[in-house]
2 protein chains.
Amino acid sequence: MPLNRTHDPQRRGWLASANAVGTDFPLQNLPLGSFKAAGSPQVRVGIAIGESVLDLFAVHSARLLRAEAADAAAVAHEGGLAALMALPAEAMSSLRAGVFDLLCDDTEAGARTQGLTPEVLRDAAQVQMQLPCAIRGYTDFLASEHHTERNGRLKGLAVPVPEAYRSVPVAYHGRASSIVVSGTEVRRPNGQWKAADGRVVFGPADALDFELEMGIFIGQGNPQGLPVKLADAHRHIFGLCLLNDWSSKAVQWWEQMLGPFLGKNFATSISPWIVTQEALEPFRVAAPQRATSHPPVLPYLDVGRHSQAGSWNIDLVACLSTRQMRERNQAAAVVTQTGLRHLCWTPAQMVAHHTSNGCNLETGDLLGTGTISGPHDDSRACMTELTSAGRAPLALSGGESRGWLADGDEVVLRARASAPGHVPIGFGECRGLILPSLTY
Amino acid sequence: MPLNRTHDPQRRGWLASANAVGTDFPLQNLPLGSFKAAGSPQVRVGIAIGESVLDLFAVHSARLLRAEAADAAAVAHEGGLAALMALPAEAMSSLRAGVFDLLCDDTEAGARTQGLTPEVLRDAAQVQMQLPCAIRGYTDFLASEHHTERNGRLKGLAVPVPEAYRSVPVAYHGRASSIVVSGTEVRRPNGQWKAADGRVVFGPADALDFELEMGIFIGQGNPQGLPVKLADAHRHIFGLCLLNDWSSKAVQWWEQMLGPFLGKNFATSISPWIVTQEALEPFRVAAPQRATSHPPVLPYLDVGRHSQAGSWNIDLVACLSTRQMRERNQAAAVVTQTGLRHLCWTPAQMVAHHTSNGCNLETGDLLGTGTISGPHDDSRACMTELTSAGRAPLALSGGESRGWLADGDEVVLRARASAPGHVPIGFGECRGLILPSLTY
C-alpha cells in the first residue's frame, strides 16, 4: 500500500488537540472504535482525533462524505464496526481519505465539518468506549524468543527454547468471551495451584501478572480449507491495538498440560482504538533477521520478497501504579520499555501460519502477539521476567516493592509508531485495575 | 429434575418410525437441531422423531402448542435454537412436554397434529442439518485418564499421567470457527512437523486421527466474574451431542508448546441433534469413584451430595469404512466401543471448573469431553491408542490395514443412552469423510 495524502506530515487538523505535540491521535492516525454516548444505549462507530471522537454515524446522517467513503460509512451505520472491517482494504482506504478531508484545516469539507462540530464531534472524555466488535476467535501467539527463553530458564529447562520454536510460530487458542475493553476492572480470580509446601490449594490466585502484547484484528476472513498465503496475509489484517494478557502464573504453571486455560481466561484487556494498517504504513520495517544459527524458515513462512509481510516500528511501555502511589499523587512507574521489532514472527506470518492448515479466520478475530519482551532488562514485558518469577521483587517509589501484582495495582499499556519525517501516531491506552477476588 | 410423563416407557408415538425397535429418536428423546428444508435458505428449528423431523416453526405457525410451550416455540421462531437454549430449564421442559403430547398416539393434541402431518413433519432424509447454533466458545477437556495414560506411555514419559491431572480437569481452548456439522467432508490439512529422518517438513499432514468425544452444549451462561458452583452446574447444561476431534498427531506433537493448535483446528465435527439433559434424566449415573490412591478432590469439584453433578450411562462406538469397503458394500468396522462412564470428570465438574475463575460461558458454547477411552483394548477411542501411534496397524477386512486414517476413509460415531425399564435413546450420527489435501 503506497503512502498517500493521509500520511502527509505537513497536513494539519482544524481541531487544535489533533495538532498537539505528543497526541496519540493526530490527523494521520484516525483509528476506529465503538462507543456509547452518555445516556444512550446505542453503540456507535467513532474515529479518534486529538481529544475528540468523530461520530461516524452523525457524519453519515449529515451526509458529509461522498462516493465510496459515504458507502463505507453507510455500511458502518448499518452493521457497526464489524461490517466495516469486513470490507476490502480499498473501501477502508476511501473512508480514511474522506474522513481525513473532513478533519483537515485546508479543505472545503473540513470547513463544512467544523461548522457542525457539536453534532459530529464528541469529547473523548464523555463517551464510553466499548469493545470494537464482537470477537469470536482469539488466538495468542508466543512470538518473543526473549520471553520464551527467560521463561524456560526460570523453569530450569535444560533447553530453554524448544527446537520447534525456531520453525513454528507457536500459538494457542485463548478465550474470546472474557476479553474486556480498557478501563474495565479486573478481578483477581480464584484458582487451583500447588503451593510451595506441596499442598494443592484453591483460593485467590497467586502470582498475578500482566503481559504486554499487541492485538491484531482480522478484517476479511478466509473460507475453511483455503489458506491465506504470506503474500496476501496483509490483506486480512485490519489493524492493531494494545493487549494485556492477564495471567495467574501459579494457576497456569500447575494446570498447563494442554496450554494456558484458567490461568489466563478470566480476563484479557484491549485498548479500544484499532489503528489501521494503512495508518501504520509509514512505519513499516522489515521482518527481523533470523539468527544464522537457526534453521532456515520454511517456504510458507518466508517473508523474502513480500514487503508487506514485515512488521512496524512501534515502541511500547507498561506502567504500574499502586494504590499508595495514586493516594500520594505519584506518577505511575514505567516498568517496561520495549518494541514490536523484538518479535521473531510478524503479524503476516501469524496469519499465514494460522490458516496454513485451512483453519478459517473470521472478521473481528483477534490475534495476540504474545508478550513483547526484548533482549534488555528494561524490555522485559511481564512481572515473571521483571522479578524472576517473584524471587527478585521490583522496587517502587515510596518504599513499596512488587514480586507480582497486588490488589489495587493498576497497569497501563501505551504504544507509539514513529519514523523519521512522519508524524508519530499512538494507540491510546490499555488500562486495568486489579480488584480483590470474591469469596468463592 | 424428576422423571415425568415424557420419560414414561409405556407411551408411544403415532408415527410408526418413532416406535421402531432400535430407533435413536423415540418419543422419549425429542432432541433439538437446526435444519434447512430443500430449496429454502431459512434455518429452522426441528425436533427429531423416528425418521422424521418435527418443524417447530410450522408447529408454531399452526398454533399447536399452548401456554409456556407455545411461548418457547415463539422464542425459537424469533431467535432460532440459540434463543431457546438461553431459556431457563423450566421453559424447555414445558416445550418438551408440549411436543411430547403432539406426538403421542393417545392424546387429543396428537390426533390434531397427525392431521397436519405434511405441514409439520418432514422426512429426515430430505432436510439439510446445520450446526445447531453459532458456537462462539469451544473448550475441549481431557477427561479420560485411560487416554491420558496411554498417550503418556506412547511418548515414553517417565510419569505417563502428570500429578496435576488428578486434581485438575485439564482442558484447552479449541477453535470454534472450524466446527462443522456431521456429513461435512473433512480435508486433510497441510502442516508442519518433524519427519522420522529429522527434517522439518511442510505438506499433507501425517498421522491423521479421529477422537471419539461427546460435546456438551451450554444453555444459560454466567456473567464474567461469577463462577457457576457445582451444585448449579446442571442448570447450565443444555444437552449433549457427538464430537469428533480430528487431529494430525504429527503436527500436534511437533507444535505443542502451548497446547493443540494447527494439529486440531482445521476441523471438528459434531452430530446435529442436541439430546437435552431432561431426555437423559432416566440414564443418570453417579460420578465415578476416585481411586483411593489419588488425592482427594478439592471441595469446589466434590460431587459428594450433588446428585445432578454425575454422569449418564451412554455407550459409544466409532466405525471406520475405507473406500474399498464401501466399493465392496462391506459394513463399516466398529473400531471402538466405549462409554461415558469411563471419564474421570463429569460434565457438571467441567462447567464448575471452567467458571471457577470467573470465566464466562455463553449460550451455545461447546465443551468437548476429550477422547472417551476406557480401560479395555476395544475401548481405545482414537487411532493413536488403537495402533500404538501407527506402529501396530489395525487389520481391516479385505486385506486392508490402517496405522492412521487414509484419504477416503470415513469415520462415523454413534451413541446410545440406556437404563433398565426405560426406552433407550440415541444421538444420531457424527459422520466425516477424509478428502485428500489441496496443493498448498
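Residues numbered from 1 in each chain as written. Chains lettered and ligands numbered in written order. Predicted model: local features only at pLDDT ≥ 70, side-chain atom pairs only at ≥ 80, totals over all residues. Heavy atoms only, no water.

**Student:** Help me understand empty space enclosed by the protein in this model?
**Tutor:** Empty space among the atoms becomes apparent when a probe as large as a water molecule is rolled across them. For the structure shown, the criterion picks out 7 cavities of 30 Å³ or more. Around the largest cavity sit 19 residues that line it, and Arg136(A), Gly174(A), Arg136(B), Gly137(B) and Gly174(B) are the ones nearest its centre. Looking at the lining of the largest cavity residue by residue, the classes come out as 4 nonpolar, 9 polar and 6 charged. Of the volumes computed, that of the second largest cavity is approximately 60 Å³. Lining the second largest cavity we find His173(A), Tyr138(B), Tyr172(B), Gly174(B), Arg175(B), Ser178(B), Asp245(B), Pro260(B), Phe261(B), Lys264(B), Asn265(B) and Thr268(B). (1 Å grid on protein atoms, 1.4 Å probe; cavity = no way out; pocket = protein on both sides within 12 Å on 5 of 7 lines; lining within 4 Å. Points joined across faces, edges and corners; volume = space filled by probe spheres on them. Nonpolar A, V, L, I, M, F, W, Y, C, P; charged D, E, K, R; others polar.)

**Student:** Quick question: what am I supposed to make of the pattern of salt bridges here?
**Tutor:** Note that side chains of opposite charge can pair when their charged atoms are close. According to the stated counting rule, one finds 50 salt bridges over all chains in the structure shown. The salt bridge partner of Lys194(A) is Glu163(B), with a shortest N-O separation of 2.7 Å. In this pair, Lys194(A) is assigned in strand E10 (residues 190-194) and Glu163(B) in the loop between helix H7 (145-154) and strand E7 (171-173), connecting two distinct chains. In this structure, the salt-bridge partner of Arg341(B) is Asp315(B), at a minimum N-O distance of 3.1 Å. With Arg341(B) in the loop between strand E21 (333-339) and helix H11 (347-355) and Asp315(B) in strand E20 (residues 314-321), the pair connects residues that are 26 residues apart, well separated along the chain. Using a relative accessible area of 39% as the deciding quantity, one classes Arg341(B) as partly exposed. (Salt bridge = Lys/Arg side-chain N within 4 Å of Asp/Glu carboxyl O. Helix = DSSP H or I, 4+ residues; strand = E, 2+ residues; numbered from the N terminus. Buried < 20%, exposed > 50% of the residue type's maximum accessible area, 1.4 Å probe, protein only.)

**Student:** I'm lost on H11(B) in this one. Help?
**Tutor:** Because each turn of an α-helix spans 3.6 residues, side chains separated by three or four positions in sequence point in the same direction. Across the 9 residues that make up H11(B), a large majority, 9, are buried. Here H11(B) has its buried residues at Pro347(B), Ala348(B), Gln349(B), Met350(B), Val351(B), Ala352(B), His353(B), His354(B) and Thr355(B).

**Student:** How should I be thinking about the interface of chain A and chain B in this particular structure?
**Tutor:** With 62 residues of chain A at the contact, the number on the chain B side is 63 residues. Carbon and sulfur atoms supply 60% of the area that chain A and chain B bury against each other, a total of about 5600 Å² over both sides. When the area that chain A buries against chain B is broken down by residue, the three leading residues are His173(A), Leu258(A) and Tyr440(A), summing to 15%. The interface formed by chain A and chain B includes 4 salt bridges. Counting across the interface, chain A meets chain B through 25 residue pairs in polar contact (both at pLDDT 80 or more). Class assignment for the residues of the side of chain A that touches chain B results in 34 nonpolar, 20 polar and 8 charged. (Contact = heavy atoms within 4.5 Å. Buried area = accessible area lost by both parts, 1.4 Å probe. Polar contact = N/O pair within 3.5 Å; in protein donor to acceptor, adjacent residues only side chain to side chain.)

**Student:** What am I meant to see in the packing of helix H3 (residues 67-85) of chain B against helix H4 (residues 89-103) of chain B here?
**Tutor:** In a pair of packed helices, the angle between the axes and the distance between the axes together describe the arrangement. Residues and elements named next belong to chain B. Close contact between H3 and H4 brings their axes to 9 Å; oriented N to C, the two are set at 110°. Considering the angle they form, H3 stands roughly perpendicular to H4. For the pair H3 and H4, the sense of crossing is left-handed. Only Ala91, Met92, Ser94, Leu95 and Gly98 of H4 make contact with H3, whose side of the interface consists of Glu68, Ala69, Ala72, Ala73 and Leu84. Its residues assigned to classes, the contact of H3 with H4 comprises 7 nonpolar, 2 polar and 1 charged. (Axes fitted to C-alpha atoms, helices over the stretch in contact; angles between N-to-C directions. Parallel < 35°, antiparallel > 145°, perpendicular 65-115°, else oblique. Left-handed = near helix turned anticlockwise from the far one by under 90°.)

**Student:** When you look at the confidence of the model for chain A in this model, what are you seeing that I'm missing?
**Tutor:** The predicted coordinates of low-pLDDT regions are not to be read in fine detail. Residue and element names in this part refer to chain A. Per-residue pLDDT for chain A averages 97, and the proportion of residues at 70 or more is 100%. Strand E16 (residues 268-270) holds the highest mean pLDDT among the elements of chain A, 99, whereas helix H6 (residues 117-120) holds the lowest, 88. In the predicted complex, the global pTM is 0.98; the interface-specific ipTM is 0.97. (pLDDT = per-residue confidence, 0-100.)

**Student:** Sorry if this is basic, but what is going on with the relation of the copies chain A and chain B here?
**Tutor:** Between the two chain copies there is a screw-like relation: a rotation about an axis and a shift along it. Of the transformation superimposing chain A on chain B, the axial component is 0.0 Å and the angular component is 180°, with the fit at an RMSD of 0.0 Å. Such a combination of turn and shift is consistent with a two-fold rotation axis. Ranked by how close their C-alpha atoms come to the rotation axis, the residues of chain A are headed by Gly259(A), at 2.1 Å. Same-surface contact between copies: 100% of interface residues of chain A are shared with the interface of chain B. (Least-squares fit on C-alpha atoms with pLDDT ≥ 70 in both.)

**Student:** Please clarify how the sheet that holds strand E4 (residues 121-123) of chain A should be interpreted in this entry.
**Tutor:** Each strand in a sheet pairs with another by means of backbone hydrogen bonds, the pair being arranged parallel or else antiparallel. Residue and element names in this part refer to chain A. Strand order across the open sheet formed by 5 strands is E4-E3-E2-E1-E5, with antiparallel pairing between neighbours. Of all strands in the sheet, those bounded by a partner on one side alone are E4 and strand E5 (127-129). Taking each pair of neighbouring strands and ignoring which way they run, the sheet shows an average axis angle of 50°. (Pairing = 2+ DSSP bridges.)

**Student:** So what exactly am I meant to see when it comes to the packing of aromatic side chains here?
**Tutor:** What describes a pair of aromatic rings is the distance from one ring centre to the other and the angle between the planes of the rings. Counted according to the given criterion, the structure contains 11 aromatic pairs over all chains. Measuring from centroid to centroid gives 6.2 Å for Tyr440(A) and Tyr300(B), while their planes differ by 80°, and the two rings are edge-to-face. With Tyr440(A) in the segment after strand E26 (425-435) and Tyr300(B) in the loop between strand E18 (284-285) and strand E19 (311-312), this residue pair bridges two chains. Under the relative-accessibility criterion, Tyr440(A) is labelled partly exposed at 26%. Ring pairing ties together the aromatic residues Phe202(A), Tyr440(A) and Tyr300(B), which thus form one cluster. Over the face of the ring belonging to Tyr440(B) we find Lys229(A), whose NZ or CZ atom lies 4.6 Å from the ring centre. (Phe/Tyr/Trp six-rings, centres within 6.5 Å; stacked < 30°, edge-to-face > 60°. Lys NZ or Arg CZ within 6 Å of the ring centre and 35° of its normal.)

**Student:** I would appreciate a short explanation of helix H4 (residues 89-103) of chain A in the present structure.
**Tutor:** Taking 1.5 Å per residue, 15 residues should reach 21 Å; H4(A) reaches 21 Å between its end C-alpha atoms and fits that length. For H4(A), the full list of buried residues reads Ala91(A), Met92(A), Ser93(A), Leu95(A), Arg96(A), Ala97(A), Gly98(A), Val99(A), Phe100(A), Asp101(A), Leu102(A) and Leu103(A). (Expected span 1.5 Å × (residues − 1).)

**Student:** Teacher, can you tell me more about the sheet that holds strand E1 (residues 32-37) of chain B here?
**Tutor:** All names here are of chain B. An order of E4-E3-E2-E1-E5 is seen for the 5 strands of this open sheet, with the pairing classed as antiparallel. The sheet is open, and its two edges are formed by strand E4 (121-123) and strand E5 (127-130), each paired on a single side. Going across the sheet, the axis of each strand differs from the next one's by a mean of 50°, ignoring polarity. One ladder, built from 3 bridges, connects strand E3 (residues 52-55) with E4; its direction is antiparallel. Bridge pairing in E4 places leucine 54 opposite leucine 121.

**Student:** Honestly, the nonpolar core in this entry has me stumped. Any pointers?
**Tutor:** Where a protein is soluble and globular, its nonpolar side chains tend to be buried together. Grouped together as the largest cluster of nonpolar side chains are 162 residues, with contacts concentrated most on Ile314(A) and Ile314(B). Leave out the neighbours within four places in its chain, and Ile314(A) touches Met214(A), Leu240(A), Leu280(A), Thr338(A), Gly339(A), Leu340(A), Arg341(A), Ala415(A), Arg416(A), Ala417(A) and Phe427(A). Of all hydrophobic cores here, the second largest spans 47 residues; its members include Leu54(A), Ala91(A), Val120(A) and Phe217(A). (Core = buried A, V, L, I, M, F, W, Y, C linked by side-chain atoms within 4.5 Å.)

**Student:** How should the pairing of strand E2 (residues 43-49) of chain A be read in this particular structure?
**Tutor:** The side chains of a regular strand alternate between both faces of the sheet. Residues and elements named next belong to chain A. Along E2, 6 of the 7 residues are buried, which leaves the element largely enclosed by surrounding structure. Relative to E2, strand E1 (residues 32-37) runs antiparallel, the two being bridged by 5 bridges. Across the sheet, residue phenylalanine 35 finds its bridge partner in E2, namely arginine 44. From the end of E1 to the start of E2, which pair antiparallel, there are 5 residues, and glycine 39 there has a positive phi angle of about 80°. When E2 meets strand E3 (residues 52-55), the two strands line up antiparallel, connected through 4 bridges. Within E3, the position partnered with glycine 46 by the bridge is aspartate 55. The antiparallel hairpin formed by E2 and E3 contains 2 residues in its connecting segment, where glycine 50 sits at a positive phi of about 55°.

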